[in-house]
Amino acid sequence: MIIRGIGTAVPPNQVEQADAALLSERVSGSSNNKTGLVQRILRRTHVQSRASVLASANSNQPLPFYGNESPSTAARMVEFSHHATPLALAAVARALTDAQIAAAQITHLVTVCCTGFQAPGFDLALIKQLGLDVGVQRTHVGFMGCHGALNGLRVAQAFVEADADAVVLLCSVELCSLHLYYGWDPEKLVANALFADGAAALVATADMCGFGSYPTLLASGSTVIPNTEELMHWQIGNHGFEMGLSPQVPEAVASELKPWLERWLKPRGFSIGEIAGWAVHPGGPRLLQACANALELQPDQISESQAVLREHGNMSSATILFIINRLRYLAAPGPCLALAFGPGLSAEVALLLMP
């Protein structure tokens, strides 16, 4: 499967970390002796700015939607219904332009999201507003967390392997800022400090005449790290979706990552040392550095992941496509490994060949 084009999009308004600190202190109910901890958590994320569909360019409040009381999940989903489709459309339009493929050519639509649910969903809105054929085959990958786009890639690959004429549009949209947590919980404060909004899309085909000219998906893999179910979770509560993120996650991932990747890569003809590019999902700076240490990566091999985290924050499943998009413009042809994690703990990888 070749990736003919990629497009990314973020909301127009940014939340700088200084403003995020004031908001986080207010919604966490932190007292003076806890303010320092909130500020340290924000600094340690290495995030400089994040985009949010809730941010207003004309307000002194970074996210005016969040007042003195935590909004209900229903109210947050109303905001999702307003904002998800326009952001998805922006990313898709760029992907189609990049691929030089018309919307009418799309045969399969794969959507990815873990931050909002509605039926009909934004997949049907994309069909209507893009003018896709009403017979386009739809698949939704939902609630799989930060690695969801890699699951979506696997679905896309299955479609093009089954039908050489398939033209697959994959779109991930995540509005993480809808789920700002109220209250004092250090794990959820970390999530408040990291997550942001963004969308990414790609167009994929089985047209092998493009082999060598476009990123090519060679294989994908998955593993679950035993006895780690409690370390990361994503649950629907009465006041938004609630993230649990244990500080033990980096250590748990690092202990299993290298042995598993070595076993997975070997039958595919590669070793870890032969991977030319790394798209490691920056779940947070500690997790990113733990992966780099475990795999003995050089600083420049995670620099694109660090840049996306610094400039955009963690946009959940859309993030990995932002990184892959940056890597394809670097002068480092060869095998690239995309790597992301999610509740379970589970890891997903995609082996790509860059032009």
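Residues numbered from 1 in each chain as written. Predicted model: local features only at pLDDT ≥ 70, side-chain atom pairs only at ≥ 80, totals over all residues. Heavy atoms only, no water.

A short note on the overall build of the protein chain
Keep this limit in mind: Helix numbers and strand numbers start at the N terminus; a helix is a DSSP run of H or I with at least 4 residues, a strand a run of E with at least 2. Only C-alpha atoms enter the radius of gyration; for comparison, a globular chain is expected to reach 2.2 Å times N to the power 0.38, where N is the number of residues. For every residue, the accessible area (1.4 Å probe, protein chains only) is compared with the maximum for its type, and the residue is labelled buried under 20%, exposed over 50%, or partly exposed between those bounds. Contact criterion: two residues are considered in contact whenever any of their non-hydrogen atoms come within 4.5 Å of each other. For the accessible areas, the method is Shrake-Rupley and the probe is 1.4 Å, while residue cover comes only from the protein chains on display.
On a plain count of helices and strands, the protein chain comes out with ten helices and 13 strands. Computed over the C-alpha atoms, the radius of gyration of the protein chain is 20 Å, within 12% of the 20 Å expected from 2.2 N^0.38 for a compact globule of 355 residues. C-alpha extents for the protein chain along the principal axes are approximately 60 × 45 × 35 Å. The buried share of the protein chain, reckoned over its 355 residues, is 59%. Restricting the contact set of the protein chain to residue pairs at least 6 apart, pairs at least 24 apart contribute 79%. Looking at the protein chain as shown, the accessible area adds up to about 14,500 Å², and 51% of this sits on carbon and sulfur atoms.

Looking at the pattern of salt bridges
Stated precisely, the cut-off is as follows: Here a salt bridge means any side-chain nitrogen of Lys or Arg lying within 4 Å of a carboxyl oxygen belonging to Asp or Glu.
For the structure shown, the criterion picks out seven salt bridges. Across the pair E296 and K258 runs a salt bridge, and its minimum N-O distance is 3.0 Å. With E296 in the loop between helix 8 (285-295) and helix 9 (303-312) and K258 in helix 7 (residues 249-265), this pair connects stretches of sequence that are 38 residues apart. Here E296 falls in the exposed class, since its relative accessible area comes to 58%. E311 is the partner of R326 in a salt bridge, and the nearest nitrogen-oxygen pair spans 3.2 Å.

Regarding the environment of P355
With respect to the element layout, P355 can be found in the segment after strand 13 (346-354). Given the relative accessible area of 38%, P355 is considered partly exposed. Residues P355 and P335, 20 residues apart in the sequence, show an inter-C-alpha distance of 9.3 Å.

Description of helix 7
Worth spelling out the cut-off: Between the first and last residue of a helix there are one fewer steps than residues, each counted as 1.5 Å, and that sum is the expected span. To obtain the bend at a residue, axes are fitted to the seven residues ending there and to the seven starting there, and the angle between these axes is taken.
Between its first and last C-alpha atoms helix 7 spans 23 Å; for 17 residues at 1.5 Å apiece the expected length is 24 Å, and the two agree. At L257, helix 7 shows its strongest bend, of approximately 35°, with the proline P259 following within four residues. Turning to helix 7, its buried residues are V249, P250, A252, V253, L257, W260, L261, W264 and L265.

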